[in-house]
Amino acid sequence: MQWRAKLRSWILSVPMLLLVVGHGFAEENGKRLALVVGMTNYVAAGTLPNAARDAEAFGTFLKGQGFETDLVLNADRRGLAGALSNFSRKIGPDDVALFYYAGHGMQLHGENFLIGTDAKLESEFDVPAETIALSEIINALEKRARISMVFLDACRNNPLANRLNTEVEGATRGGATRGLAPIETQGAGTLVAFAAAPGQVAADGTDGHSPFTRALIANLSGAGLEVGTAFKRVVRDVRKETQGKQQPQILSSLSLEFYFGPETAAPQTPTVQPVQPALAVPAIDPEALEAEKDFKKALKIGTARIWHFFVEKHRTGEYADLGRQALAQIEPAAVRNEAHLPQSVEAQLLPDQEKRRNVQLALASRGFEAGTADGVFGGQTREAIKRFQSTNQQPASGFITENTAAALGIKVNARAEGIYSATKARRYDVANLEGLETDQTVLRALTCLRHFETVYGVFGGHLYVAVRTGTILAVYARGIAGGCGAHLAAISSPEENAFVASLFNADQSFFQTGYDPSGNVSYKMGPWIGLTQDPQGKEPKGGWHWDNGAPLTYTKWFQDMPNEGKKGDDIGMYYAHRNGKADTKSLYVDTWDDMGSTDGTGGLILEFE
């Protein structure tokens, strides 16, 4: 199919494709706003001859597509910050906001920065004062606009970053490096397009414009081309012009479709064609149709777990190849090649000889001779597993998977431990998980929590879900738990506490922060847990218990907590603080505090047995 051929080209060309595709269209009720920046004349980084020309050309292009465009050329750090501030104030909740940057960019310790023309960057400590973090720009747009788009022709070879790379002690271990680093978006309406893949350097161009900007102008406004589809053509043109040395990248969480040009192509004048003899209609391959359907689902979910299920389910064909390509871009090779090898998965499912013996007995009872039921999987057992898998329309790997165990009626350690979802909270459409996700508890939980953004994973056989709610009282948190057949988390060990804390600490939106002058502390309040004190409990630590009835065998109170700061502080949540007025963004929260019924926080932790 033509669709599949184009998709193959896109996946193989875009190294880190993490698409969340929606079904709506970006109805143009608001304004189209753009800030276009071009940096040519750097004080200490030399000249980029084409950057300003690229910005001018792209600004003209955007005006032709109905964008109200501000053009900024050769700005120092202060000028760039001022332009961004003015631009952000224009943006309304119904608007489309676009930021384009041509010039020098760099990464330092995994974070991306755009560089003003006055930057000297004599040490890494100059970076915050002489650059602007890309994450701050993206966050500002996401908070204000309905759709945010960022186009970065900013991976050009940068002598300042090169100097930091050689002169800053330890820079070779995550310091200033070539090109820009991978990023994650927070919003559901964001697209970020890079001129080159992470670590690559983008060409400035030799004939007046960079290959990336020229390809953007040539392809984005095609009639009937949604921006994601149009970007495939951008990738194609840039790769062709640079002989494959430069590969643009798109990172999109757009839940709406957006068109720079007309949403539909102009109708063609019908012409009379001579009658042709009937052609044979190729047979429909049901396996290929199912693979295509599952592939679209996996694209929308985009997690390593779901891609693993996809490539296990569809081992051959073009979609299997595309799935492996997608997985290779979002999971380190060491993890991908070891933890998820078939034998590693089987060892986790069947950790002892007795469970393996039960598999052999189950195979024999169904007529698949597996040899002596001794718990040792030799050649005969492997062949029996393969035959059984083929009979049940499963990939014949010869290794026990969750699906194979279920078909045999064997109870296994079905839940691999770890975070199953993305590390940042977002909503999951269960329809896109069905047929791929094997854990029915996950499907039931996400069906119940379909209106919330979540991070979820398994520890000790239990599913934990960090639910982002906005400010919520404990009574409503318990209501959500009861409505989903779960309870607020009960924690019984340091390992369990560490896992639960890892679910929400990567996402600052789970926290309520502020300054308490009475205690002179800057606090950081995390999600609710299922810890309650009896009204008659002796202060400060008497009478505490878990909501599900489990005994209190482990605690992780913050220093001097619980302290009954006010009467009725009888409910547990994650909490930490720093003395004085301080920045708590980097404060990792894995400790608890006692709060009251009128206190609110940004989420809750559910536990499903």
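Residues numbered from 1 in each chain as written. Predicted model: local features only at pLDDT ≥ 70, side-chain atom pairs only at ≥ 80, totals over all residues. Heavy atoms only, no water.

A few words on the state of the cysteines. Inspection of the entire model under this criterion finds one disulfide. The disulfide partner of Cys448 is Cys484, and the S-S distance across this bridge is 1.9 Å. Where Cys448 bonds to Cys484 through sulfur, the torsion about that S-S bond is close to -85°, and the disulfide is left-handed. Here the residue Cys448 occupies a position in helix 18 (residues 440-448), and Cys484 occupies one in the loop between helix 19 (474-483) and strand 15 (487-488), the gap between them amounting to 36 residues. (Disulfide = S-S within 2.5 Å. Helix = DSSP H or I, 4+ residues; strand = E, 2+ residues; numbered from the N terminus.)

Working note: a packed helix pair is described by the angle between its axes plus the distance between those axes. Orientation of helix 14 (residues 353-365) relative to helix 15 (residues 379-391), taken along the N-to-C sense of each, is 60°, at an axis distance of 11 Å. Considering their axes alone, helix 14 and helix 15 lie oblique with respect to each other. For the pair helix 14 and helix 15, the crossing hand works out as left-handed. The residues of helix 15 that touch helix 14, namely those facing Arg356, Gln360 and Leu363, are Thr381, Arg382, Ala384, Ile385 and Phe388. Classifying every residue of the contact of helix 14 with helix 15 by side-chain character gives four nonpolar, two polar and two charged. (Axes fitted to C-alpha atoms, helices over the stretch in contact; angles between N-to-C directions. Parallel < 35°, antiparallel > 145°, perpendicular 65-115°, else oblique. Left-handed = near helix turned anticlockwise from the far one by under 90°. Contact = heavy atoms within 4.5 Å. Nonpolar A, V, L, I, M, F, W, Y, C, P; charged D, E, K, R; others polar.)

Time to look at helix 5 (residues 134-144). Looking at helix 5, one finds that the buried residues are Leu134, Ile137, Ile138, Leu141 and Glu142. Projected onto a plane normal to the axis of helix 5, the buried residues spread over an arc of 130° and lie on a single side. Turned more than 90 degrees away from the buried face of helix 5, the exposed residues are Glu136 and Lys143. For helix 5, the secondary structure elements touched by its buried residues are helix 3 (77-90), strand 4 (96-102), strand 6 (111-115), strand 7 (131-133), strand 8 (147-153) and strand 9 (190-194). (Buried < 20%, exposed > 50% of the residue type's maximum accessible area, 1.4 Å probe, protein only. Arc of directions from axis to C-beta.)

Let us look at unusual backbone geometry. For the bond from Met561 to Pro562, the omega torsion is -5°, close enough to zero to count as cis. Mapped onto the elements of the fold, Pro562 is located in the loop between strand 18 (544-546) and strand 19 (571-579). Phi is positive for Asn74, close to 50°, though the residue is something other than glycine. Relative to the helices and strands, Asn74 is located in the loop between strand 3 (68-73) and helix 3. For Asn74, a relative accessible area of 30% translates into the label partly exposed. Positive phi, normally seen in glycine, also occurs at Asp560, with a value near 65°. Note that Asp560 resides in the loop between strand 18 and strand 19.

Bringing the environment of Gln394 into the picture now. Inspection of the secondary structure assignment puts Gln394 in the loop between helix 15 and helix 16 (402-408). Each C-alpha atom, one on Gln394 and one on Ala407, is 9.9 Å from the other, the two residues being 13 residues apart in sequence. Excluding residues that lie within four positions of it along the chain, Gln394 makes contacts with Gln389, Thr401, Asn403, Thr404 and Ala407. Among the polar contacts made by the side chain of Gln394, one reaches the side chain of Thr404 at a distance of 2.6 Å. (Polar contact = N/O pair within 3.5 Å; in protein donor to acceptor, adjacent residues only side chain to side chain.)

The next thing to look at is the pairing of strand 9. Judged by how many residues are buried, strand 9 sits mostly within the fold: five of five residues are covered. Here strand 9 shows two buried faces, one formed by Thr190, Val192 and Phe194 and the other by Leu191 and Ala193. Both strand 9 and strand 10 (residues 249-252) contribute to a ladder of four bridges, which runs antiparallel. When the sheet's bridge partners are listed, Leu191 is paired in strand 10 with Ser252. (Pairing = 2+ DSSP bridges.)

Looking at the protein, the pLDDT average stands at 81 and 81% of residues meet or exceed 70. Every residue in residues 164-178 scores below 50 in pLDDT, and together they form 28 contacts with partners more than four places removed in sequence or on other chains. The model gives residues 278-282 a pLDDT under 50, and that stretch makes zero contacts with residues more than four places away or in other chains. (pLDDT = per-residue confidence, 0-100.)

On to the pattern of salt bridges. Applying the stated criterion across every chain yields a total of 17 salt bridges. Residue Glu437 is joined to Arg305 by a salt bridge in which the shortest nitrogen-to-oxygen separation is 2.7 Å. With Glu437 in the loop between helix 17 (430-433) and helix 18 and Arg305 in helix 10 (residues 304-313), this pair connects stretches of sequence that are 132 residues apart. Each of Glu68, Asp70 and Lys90 takes part in salt bridges that share partners, so that together they form one network. (Salt bridge = Lys/Arg side-chain N within 4 Å of Asp/Glu carboxyl O.)

Before going further, it helps to examine the sheet that holds strand 5 (residues 105-108). Reading across the sheet, the three strands line up as 5-6-7 and stay open at both edges, with antiparallel pairing between neighbours. Two strands in the sheet have a free side with no partner beyond their single neighbour: strand 5 and strand 7. Neighbouring strand axes in the sheet, compared pairwise and without regard to direction, differ in orientation by 35° on average. Bridge analysis of strand 6 against strand 7 gives three bridges, and the strand direction is antiparallel. Residue pairing for strand 7: Phe113 is matched across the bridge by Ala133.

Moving on to the packing of aromatic side chains. Describing an aromatic ring pair means giving the distance of the ring centres and the angle of the ring planes. On inspection of all chains with the given rule, the structure shows 25 aromatic pairs. An angle of 90° between the planes, with centres 5.5 Å apart, marks the rings of Phe368 and Phe388 as edge-to-face. In this pair, Phe368 is assigned in the loop between helix 14 and helix 15 and Phe388 in helix 15, connecting sequence segments 20 residues apart. The two residues Phe368 and Phe388 agree in class, both being buried. Look at Trp557 and Trp592: their rings are 6.0 Å apart centre to centre, the planes differ by 75°, and that puts the pair in the edge-to-face class. Here the residue Trp557 occupies a position in the loop between strand 18 and strand 19, and Trp592 occupies one in strand 20 (residues 592-595), the gap between them amounting to 35 residues. (Phe/Tyr/Trp six-rings, centres within 6.5 Å; stacked < 30°, edge-to-face > 60°.)

Below, the discussion takes up the sheet that holds strand 3. Either a parallel or an antiparallel arrangement is found when strands of a sheet pair, and the pairing is made through backbone hydrogen bonds. With mixed pairing, six strands are arranged side by side in an open sheet as 3-2-4-8-9-10. Edge positions in the sheet fall to strand 3 and strand 10, since each has one partner strand and no second. Within this sheet the neighbouring strands show an average axis-to-axis angle of 10°, counted without direction. In this structure, strand 2 (residues 32-38) lies alongside strand 4, joined through seven bridges in parallel fashion. In the strand pairing of strand 4, Ala34 is matched with Leu98.

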